[in-house]
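Notes for the structure review
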Amino acid sequence: MLKSNETKKTWRPATEMVHGGTARSGFGETSEALFLTQGFVYDSAEAAEARFKGEEPGFIYSRYANPTTRMFEERMMLVEGAEDARATASGMAAVNSAIQCQVKAGDHIVSSRALFGSCRYVVETVMARAGVSCTFVDGRNLDEWQAAVRPETKVFFMETPTNPTLEMIDIAAVAEIAHAAGAKLVVDNVFATPLFQKPLELGADVVVYSATKHIDGQGRCLGGIVLSSKDWIEENLHDFFRHTGPSLSPFNAWALLKGLETLPLRVKQATSSAARIADYLAGHSKVATVLYPGRDDHPDAAVAKKQMTGGSTLVAFELKGGKTEAFDFANGLDLVLLSNNLGDAKTLTTHPATTTHKNLTPEARAELGISDALMRLSVGIEDVEDLLEDLDQALARV
């Protein structure tokens, strides 16, 4: 049997990320145990029946739940302030599950238009195939959220800060509109991390993460998680999750538990460096625009200060010129790596117009502010002076 530390006092986030949700076996291991098993055995046929009926606690099948995976879920619940959670095989599995589990044919979704390409595909294409319609709005315009509501509206969906232009959306205000319409608000909180923004405290009903990003943060594995109230999980996600199988593997859950231990240290270092880099880029003659939530010149600085406790590990900036200049910059980098991932210990950059958002029409990209000169920079934990030197020499080649 596993022994949980659930009788502990309430800890601060950095401590929860090291100790929260830990359940030890009789061996008393220091690191969380890794249970690489598909199924579980029962002491008797009666015990199996009782467990399947929910009358006896315990695990049944790792597609439903697993001791290592449950530790990851418990730790994230403590950090996020959620009553329950389900860990998924990827961030997109979390997004798809959180939305699809609560809609049916004839229902309607209202979504901010500034989304990661795959998120937009889910709400615009996958849901349409199931008979669920979607209206896109400028997430920063509260009147558009209100005007998009229909009697059949069931879900509001947003990212904030958005990918890749770091727009900020007022979670509390949108939640109020959603609830007045009888809808649930789902927030993708990846860019803010659970350290800088608490959507549930601001009124959101569901929070999703790609744990592949900052939570793992070391380029090792995929993962995602959906967090909400116990009632919402039971009424919407529980059976959907069991029967459609988007489950996180125990090994990846174990790696993500290890990632959480250092998350505050990595995010603190990366955010400090990102702020310095944003300031440097803002003063560079070859840079037209810098978008960083921690700067006073960000278009949504007031919202950022209202609902976030830190800046971001991400910086978006637009070079003077177009695709040629952006490619010259990207190809001139030495230390910074070209990759469409983010939230890593290594500093990464990508050209959204030709990678993460390439499937959008040029008109749709223009509407979102994704020009051919835009670069997204995910700052890592390297020495910031080395990063600044690399950016400087790459910009000199533009």
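Note that the structure is a prediction, hence the values are computed from the model and not measured.

**Section: the overall build of the protein**
Looking only at helices and strands, one finds 15 helices and 14 strands in the protein. Since a compact globule built from 398 residues should have a radius of gyration of about 21 Å, the 22 Å found for the protein is in line with a globular shape. When burial is assessed residue by residue, the protein has 55% of its 398 residues classed as buried. If you take every contact in the protein between residues at least 6 apart in sequence, the share linking residues at least 24 apart comes to 72%. Split by element, the accessible area of the protein, about 16900 Å² in all, is 51% carbon and sulfur. Here the protein holds 39 positive side-chain charges and 52 negative ones, and the gap between their average locations is 2 Å.

**Describing a nonpolar patch on the surface**
Residues Leu34, Leu36 and Phe251 make up a contiguous nonpolar surface patch of about 290 Å² in total accessible area. Of note, Phe251 is situated in helix α11 (residues 250–282).

**Topic: the packing of aromatic side chains**
Using the criterion set out here, one finds six aromatic pairs in the structure. Between the aromatic rings of Tyr61 and Tyr64, the centroid separation amounts to 5.9 Å while the plane-to-plane angle is 75°, which identifies the pairing as edge-to-face. Aromatic pair Phe251 and Trp254: ring centres 6.2 Å apart, planes at 35°, arrangement tilted. Of the two residues, Phe251 and Trp254 both sit in helix α11, three residues apart, roughly one turn of that helix. Take Phe251: its relative accessible area is 43%, and that puts it in the partly exposed class. Over the ring of Phe136 we find Arg120, and its NZ or CZ is 4.2 Å from the ring centre. The lysine or arginine in question, Arg242, covers the ring of Tyr64, its NZ or CZ lying 3.9 Å from the ring centre.

**Observations regarding the packing of helix α3 (residues 67–80) against α11**
The contact between α3 and α11 brings their axes to 8 Å, and the two run at 35°. Crossing of α3 over α11 shows left-handed handedness. Judged by residue contacts, Thr68, Thr69, Met71, Phe72, Arg75 and Met76 of α3 engage Pro250, Ala253, Trp254, Leu256, Leu257, Leu260 and Glu261 from α11. Residues of the contact of α3 with α11, tallied by class, amount to nine nonpolar, two polar and two charged.

**A closer look at the sheet that holds strand β9 (residues 224–228)**
Spatially, β3-β9-β8-β7-β6-β4-β5 is the arrangement adopted by the seven strands of the open sheet, whose pairing is mixed. The sheet terminates laterally at β3 (84–88) and β5 (133–137), the two strands that pair on one side only. Taking each pair of neighbouring strands and ignoring which way they run, the sheet shows an average axis angle of 20°. Pairing of strand β4 (residues 108–112) with strand β6 (residues 153–159) involves four bridges; the strand directions are parallel.

**Details of the sheet that holds strand β12 (residues 337–338)**
Strand order in this open sheet of five strands is β10-β11-β14-β13-β12, and the pairing throughout is mixed. Each having just a single partner strand, β10 (287–291) and β12 make up the two edges of the open sheet. Along the sheet, helix α13 (residues 323–332) contacts β11 (314–319), β12 and β14 (374–378); its crossing angle with β11, the most-contacted strand, is approximately 130°.

**Let's talk about the pairing of β11**
Moving residue by residue along a regular strand, the side chains alternate between the two faces of the sheet. With respect to burial, β11 is a largely interior element, five of its six residues being buried. Relative to β14, β11 runs antiparallel, the two being bridged by five bridges. Paired with Ala316 across the two strands is Arg376, which belongs to β14.

**Describing the nonpolar core**
Counting 32 residues, the largest nonpolar core has Phe72, Met76, Ile215 and Leu227 as its most contacted members. Of all the secondary structure elements, the ones that give two or more residues to this core are α3, β3, β8 (206–210), β9, α11 and α12 (301–307). Ile215 has contacts with Phe72, Met76, Tyr209, Leu256, Gly259, Leu260, Leu263 and Arg266, leaving out every residue within four places of it along the chain.

**A word on unusual backbone geometry**
Cis peptide bonds are those with omega within 30 degrees of zero, and the linkage from Thr160 to Pro161 qualifies with -5°. Secondary-structure assignment places Pro161 in the loop between β6 and α7 (171–180). A cis geometry characterises the amide bond from Asn163 onward to Pro164, with omega recorded as 10°. In this structure, Leu166 takes a positive phi of about 60° despite not being glycine. According to the relative accessible area criterion, Leu166 is buried, its value standing at 0%.

**Points about the side chain of Thr271**
Here Thr271 is to be found in helix α11. For Thr271, a relative accessible area of 10% corresponds to the buried category. A distance of 2.7 Å separates the side chain of Thr271 from the backbone oxygen of Val267, its partner in a polar contact. When near neighbours in sequence (up to four residues on either side) are disregarded, Thr271 contacts Phe196, Tyr292, Gly311, Ser312 and Thr313.

Rules used in this analysis
- Residues numbered from 1 in each chain as written.
- Predicted model: local features only at pLDDT ≥ 70, side-chain atom pairs only at ≥ 80, totals over all residues.
- Heavy atoms only, no water.
- Helix = DSSP H or I, 4+ residues; strand = E, 2+ residues; numbered from the N terminus.
- Rg over C-alpha atoms; globule rule 2.2 N^0.38 Å.
- Buried < 20%, exposed > 50% of the residue type's maximum accessible area, 1.4 Å probe, protein only.
- Contact = heavy atoms within 4.5 Å.
- Areas by Shrake-Rupley, 256 points an atom, 1.4 Å probe, with all protein chains shown as cover.
- Lys, Arg positive; Asp, Glu negative; His and termini not counted.
- Charge placed at Lys NZ, Arg CZ, Asp CG, Glu CD.
- Patch = residues over 30% accessible without salt bridge, like charges linked within 9 Å, V, L, I, M, F, W, Y side chains within 5 Å.
- Salt bridge = Lys/Arg side-chain N within 4 Å of Asp/Glu carboxyl O.
- Phe/Tyr/Trp six-rings, centres within 6.5 Å; stacked < 30°, edge-to-face > 60°.
- Lys NZ or Arg CZ within 6 Å of the ring centre and 35° of its normal.
- Axes fitted to C-alpha atoms, helices over the stretch in contact; angles between N-to-C directions.
- Left-handed = near helix turned anticlockwise from the far one by under 90°.
- Nonpolar A, V, L, I, M, F, W, Y, C, P; charged D, E, K, R; others polar.
- Pairing = 2+ DSSP bridges.
- Core = buried A, V, L, I, M, F, W, Y, C linked by side-chain atoms within 4.5 Å.
- Polar contact = N/O pair within 3.5 Å; in protein donor to acceptor, adjacent residues only side chain to side chain.

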